[in-house]
Amino acid sequence: MEMTTKTLLLLTLAFISCNRISPAGFWSNYRADLLAKNIGDQGPYGGHKALYWKSDKPYTFSAATILDFASKNGWALTDSVEFNQDQTSQWTHNNRAVFPLTSAGFTIPVLNDTQLERFPRWFDGPLQVYKFRTSWVLIEPGTDNSTEGNGFVIMNRNRTQMAVYHSWGE
């Protein structure tokens, strides 16, 4: 019995640690009941995370709640911009809807870069984009360019869909 308790405790600690150590891992705990997609990869030189939530109920996702959750987990809001349908319809790569995040950061116009394939855009329409400074650095390979403004939350107009995108390292 004692060995089972120790094993369970160690597994619980490992799970909690992984969510805190993994960049953007804490987002997996936000409204887990509505989390539809959770994509990510982490290696020795960097990684990426893309998460998607969906609800049938309008205004499920509130900016105030999202901003508070992000802040409590170390993400600091640096900007908020709304993009209309005409603008977001241009966010494509290889005829697929993407969020325009590469090692160069959030780039408009969209670059022709295979890194975009890591960040599918699951919904269309006017979008609100929140940009965050995270404690993780994104470095553009072959340059001295870096940014901590590499975490993003997007929501559709009626707040039924939300996505988080994060890229770090080189």
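Because the structure is predicted, anything quoted here is derived from the model rather than measured.

Enquirer: Before we go on, may I ask you to explain the confidence of the model for the chain in this structure?
Expert: When pLDDT is low, close inspection of the predicted coordinates is not appropriate. Taken as a whole, the chain shows an average pLDDT of 87; of its residues, 88% reach a score of 70 or greater. Low pLDDT, under 50, characterises residues 3–20; the stretch is placed with three contacts to residues that sit more than four places away or in other chains.

Enquirer: Please clarify how the pattern of salt bridges should be interpreted in this entry.
Expert: Opposite charge on two side chains lets them pair, provided their charged atoms get close. A complete count under the given rule lists four salt bridges for this structure. Between Arg31 and Asp33 there is a salt bridge whose closest N-O contact spans 3.4 Å. Looking at Asp33, the relative accessible area reads 59%, which means it is exposed. A salt bridge links Arg157 to Glu82, with the nearest nitrogen and oxygen atoms 3.1 Å apart. One end of the pair, Arg157, is in the loop between strand S11 (151–156) and strand S12 (161–169); the other, Glu82, is in strand S3 (residues 76–83), and 75 residues separate them in sequence.

Enquirer: Any chance you could explain the side chain of Asp113 here in plain terms?
Expert: Positionally, Asp113 belongs in the loop between strand S7 (105–106) and strand S8 (127–133). Here Asp113 is buried and forms no salt bridge, its nearest opposite-charge partner Arg118 lying at an N-O distance of 7.3 Å. Here the side chain of Asp113 touches Gln115 through a polar contact of 2.8 Å, landing on its backbone nitrogen. With near-sequence residues (within four places) excluded, Asp113 lies in contact with His93 and Thr102.

Enquirer: Whenever I open this one, helix H2 (residues 63–72) confuses me. Can you help?
Expert: Along an α-helix, residues three or four positions apart point the same way, because every turn accommodates 3.6 residues. Inspection of H2 places Ile66, Phe69 and Ala70 among the buried residues, and these make up the whole buried set. Projection of H2 onto a plane perpendicular to its axis shows the buried side chains occupying an angular sector of 100°, all on one side. Summarising the geometry of H2, the exposed residues directed more than 90 degrees from the buried face are Ala64 and Lys72. Packing partners of the buried residues in H2 comprise S8, S11 and S12. Positive phi shows up at Gly74, right after H2, with a value of about 90°.

Enquirer: Help me understand the packing of aromatic side chains in this model?
Expert: For any pair of aromatic rings, the description rests on two quantities: the centre-to-centre distance and the angle between the ring planes. Enumeration according to the criterion identifies 23 aromatic pairs in this entry. One aromatic cluster is present, formed by Tyr52, Phe83, Trp91, Phe99, Phe106, Phe119, Trp122, Phe123, Phe152 and Tyr165 through successive ring pairs.

Enquirer: Any chance you could explain unusual backbone geometry here in plain terms?
Expert: Trans is the common state for peptide bonds, and a negative phi is the common state for residues other than glycine. Here Ile108 and Pro109 are connected by a cis peptide whose omega angle stands at 5°. Inspection of the secondary structure puts Pro109 in the loop between S7 and S8. Although it is not a glycine, Asn95 sits at a positive phi angle of roughly 65°. Of note, the phi angle at Arg159 is positive, near 60°, even though the residue is not glycine. A relative accessible area of 16% places Arg159 in the buried class.

Thresholds applied
- Numbers given for residues are sequential positions, taken from 1 along each chain in its written order.
- A pLDDT threshold of at least 70 governs which residues receive local features in this predicted model, and a stricter bar of 80 or more applies before side-chain atom pairs are shown or counted, although totals over entire chains, interfaces and linings include all residues.
- Side-chain metrics rest on all non-hydrogen atoms present in the structure, leaving aside hydrogens and water.
- A score between 0 and 100, pLDDT records how confident the predictor is in each residue.
- By definition, residues are in contact when any of their heavy atoms lie within 4.5 Å.
- The working definition used for a salt bridge is a side-chain nitrogen of Lys or Arg within 4 Å of a carboxyl oxygen of Asp or Glu.
- Only protein chains enter the accessibility calculation, which uses a 1.4 Å probe. A residue is then buried if its area is under 20% of the maximum for its type, exposed if over 50%, and partly exposed in between.
- We count a stretch as a helix when DSSP gives it H or I for four or more residues in a row; a strand needs E for two or more, and each element gets its number in order from the N terminus.
- His is not counted here, nor are the chain ends, while Lys and Arg score as positive and Asp and Glu score as negative.
- Nitrogen and oxygen atoms within 3.5 Å of one another constitute a polar contact, given that in protein one can donate a hydrogen and the other can accept it, and given that sequence-neighbouring residues count only through two side-chain atoms.
- It is the directions from the helix axis to the C-beta atoms whose arc is reported.
- Planes of paired rings set the category: under 30 degrees apart is stacked, over 60 is edge-to-face and the rest tilted, where pairs are Phe, Tyr or Trp rings (Trp by its six-membered ring) whose centres lie within 6.5 Å.

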